[in-house]
Amino acid sequence: MSEKRYFRQQNPFIVPTSDGKLIEEHIGQASTGTSQYSVAHMVAPPQWSEPHQRPEFDEVTIVVRGRKRFEIDGDVVELGAGESLLIKAGARVRYSNPFEAECEYWSICVPAFSPATVNREEE
């Protein structure tokens, strides 16, 4: 029998965090060993933020509910439910949810997200 040409994810990898953010990687290096791209579901709590970073991958964010703020090379962009944003590799970006409600969103990275290529700045 030949190898199946699909994969059904029933147990995404839960990325350990210390900031209250839920990260469920459905496809990617940690969950499936896929390095070409990654797909993750996330829920950022109110008042959450990350340090600035300069990823070596493109990242698409699709907001499902709530709002999310992006600081990108000095510009500030805020997305609401139903909106999406592409941030190209090499941009200096900071992600945050400075609002009072959770923000649920999906993230697609090409190539796949990796702690070694996210290049987070010390704060």
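Scoring rules and cut-offs
Residues numbered from 1 in each chain as written. Predicted model: local features only at pLDDT ≥ 70, side-chain atom pairs only at ≥ 80, totals over all residues. Heavy atoms only, no water. Phe/Tyr/Trp six-rings, centres within 6.5 Å; stacked < 30°, edge-to-face > 60°. Helix = DSSP H or I, 4+ residues; strand = E, 2+ residues; numbered from the N terminus. Buried < 20%, exposed > 50% of the residue type's maximum accessible area, 1.4 Å probe, protein only. Lys NZ or Arg CZ within 6 Å of the ring centre and 35° of its normal. Salt bridge = Lys/Arg side-chain N within 4 Å of Asp/Glu carboxyl O. UniProt positions renumbered as here; feature names shortened; annotations may be inferred. Pairing = 2+ DSSP bridges.

A. How the structure looks around the packing of aromatic side chains. Tallied over the full model, the rule gives two aromatic pairs. A centroid spacing of 5.6 Å and a plane angle of 80° characterise the contact between Phe70 and Tyr95, whose relative ring orientation is edge-to-face. In this pair, Phe70 sits in strand S6 (residues 67-72) while Tyr95 sits in strand S9 (residues 93-97), placing the two residues 25 residues apart along the sequence. Of the two residues, Phe70 and Tyr95, both sit in the buried class. The aromatic ring of Phe99 is capped on one face by Arg67, whose charged end is 3.7 Å from the ring centroid.

B. Here's a closer look at the pattern of salt bridges. Evaluation of the coordinates by the stated rule reveals seven salt bridges. Two residues, Glu104 and Arg65, come together in a salt bridge whose shortest N-O distance is 2.8 Å. A residue pair is termed long-range when its members are at least 10 positions apart, and Glu104 in strand S10 (residues 103-110) and Arg65 in strand S5 (residues 58-65) qualify at 39 residues. Under the relative-accessibility criterion, Glu104 is labelled buried at 16%. Of the charged contacts in the structure, one is a salt bridge between Arg92 and Glu121, with a shortest N-O distance of 2.7 Å. Of this pair, Arg92 sits in the loop between strand S8 (84-87) and S9 while Glu121 sits in the segment after helix H2 (115-118); the two residues are 29 residues apart in sequence, bridging distant segments of the chain. Since its relative accessible area comes to 30%, Arg92 is described here as partly exposed. Taking the relative accessible area as the measure of exposure, Glu121 reaches 30% and is therefore partly exposed. Overlapping salt bridges, with partners in common, bring together Lys21, Glu50 and Arg120 in one network.

C. Quick peek at unusual backbone geometry. A cis geometry characterises the amide bond from Val110 onward to Pro111, with omega recorded as -10°. In the Ramachandran plot, Asp73 falls in the positive-phi region, its phi being about 50° despite a non-glycine side chain. Within the secondary structure layout, Asp73 lies in the loop between S6 and strand S7 (75-80). We classify Asp73 as exposed; its relative accessible area is 52%. One non-glycine residue with positive phi stands out, namely Asn119, at about 55°. With respect to the helices and strands, the residue Asn119 is situated in the segment after H2.

D. Highlighting the UniProt feature "domain: Cupin type-2" (unreviewed entry) in the protein chain. Taking the UniProt record as the reference, the feature "domain: Cupin type-2" (unreviewed entry) is found at residues 42-108. Annotation note: span residues 42-108, helix share 0%, strand share 60%, distance between end C-alpha atoms 11 Å.

E. Summary view of the sheet that holds S9. As summarised here, the arrangement of the four strands in space is S4-S9-S6-S7, forming an open sheet in which the pairing is antiparallel. The strands lining the two open edges of the sheet, one partner per strand, are strand S4 (48-49) and S7. Two strands pair when backbone bridges link them, and S6 and S9 are joined in this way by four bridges, in the antiparallel orientation. Bridging from a neighbouring strand, Arg69 pairs with Ser96 of S9.

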